[in-house]
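Examination of the molecular architecture
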Amino acid sequence: MKLTYPACFYPCEEKQGGYTVEVPDLPGCVSEGATLADAILMATDAASGWILDELEEGRDLPLATPFSEIVPDQGGFITTLVLDMDAYAEKYGNKAVRKNLTIPAWMNTFAEKNHINFSQVLQDALASMYRNRNV
């Protein structure tokens, strides 16, 4: 899933050439970078982390405000952050939740005799299904 959010960039007073970045639609999502390229990367990472937390908590994601409705403070400008949530979640999404499952007795016997980790098998299967979008 790819998401886009507008971000406001402001020249950083402390670092010459640096920028502070605010994402208006994601409350508290602020980052900075020593250069414009670094600021874009840092803001994208911060926004992706913000969104991943919302997804993991089962909350609805905020809609992106149209560019025409955002007015940056004096000296700032707006650009779009593109968030690749699939890649970010695969790399950083590690919040664990406990699930109870029921399987046939013969599968349980087979798995225990072969020292199969039930959680790992389920995670691998779900990750494969997610990547292939078979659901």
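The preceding data block contains the structure.
This report concerns the structure included in the present document. (Residues numbered from 1 in each chain as written. Predicted model: local features only at pLDDT ≥ 70, side-chain atom pairs only at ≥ 80, totals over all residues. Heavy atoms only, no water.)

1. A short note on the pairing of strand S2 (residues 19–22)
- Residues of S2 alternate between two faces, with Tyr19 and Val21 buried on one and Thr20 and Glu22 left unburied on the opposite face.
- Examined bridge by bridge, strand S1 (residues 2–11) and S2 share 4 bridges and lie antiparallel to one another. Considered in S2, the bridge of proline 11 is made with tyrosine 19.
- Examined bridge by bridge, S2 and strand S3 (residues 30–33) share 4 bridges and lie antiparallel to one another. The residue of S3 that forms the bridge with threonine 20 is glutamate 32. (Buried < 20%, exposed > 50% of the residue type's maximum accessible area, 1.4 Å probe, protein only. Helix = DSSP H or I, 4+ residues; strand = E, 2+ residues; numbered from the N terminus. Pairing = 2+ DSSP bridges.)

2. With respect to unusual backbone geometry
- Even without glycine at this site, histidine 115 takes up a positive phi of about 55 degrees.
- Within the secondary structure layout, histidine 115 lies in the loop between helix H3 (105–113) and helix H4 (118–132).

3. Considerations on the nonpolar core
- Ranked by size, the top nonpolar core spans 19 residues in total, and within it Val23, Leu26, Ile51, Leu81 and Leu83 carry the most contacts.
- When residues of this core are traced back to their parent elements, those giving at least two are S1, S2, helix H1 (36–56), strand S4 (77–84) and helix H2 (85–92).
- Among residues more than four places away in sequence, those in contact with valine 23 are Tyr5, Pro6, Ala7, Cys29, Ala47 and Leu81. (Core = buried A, V, L, I, M, F, W, Y, C linked by side-chain atoms within 4.5 Å. Contact = heavy atoms within 4.5 Å.)

4. Structural notes on the side chain of aspartate 25
- Examined against the element boundaries, aspartate 25 turns out to sit in the loop between S2 and S3.
- There is no salt bridge for the buried aspartate 25, and the closest opposite charge comes from arginine 59, which lies 15 Å off by N-O distance.
- Side chain to side chain, aspartate 25 and threonine 65 meet in a polar contact 2.4 Å long.
- When neighbours within four sequence positions are excluded, aspartate 25 is seen to be in contact with Tyr5, Pro6, Pro62, Leu63, Ala64 and Thr65. (Lys, Arg positive; Asp, Glu negative; His and termini not counted. Salt bridge = Lys/Arg side-chain N within 4 Å of Asp/Glu carboxyl O. Polar contact = N/O pair within 3.5 Å; in protein donor to acceptor, adjacent residues only side chain to side chain.)

Without other data, these values stay purely geometric and don't point to any function.
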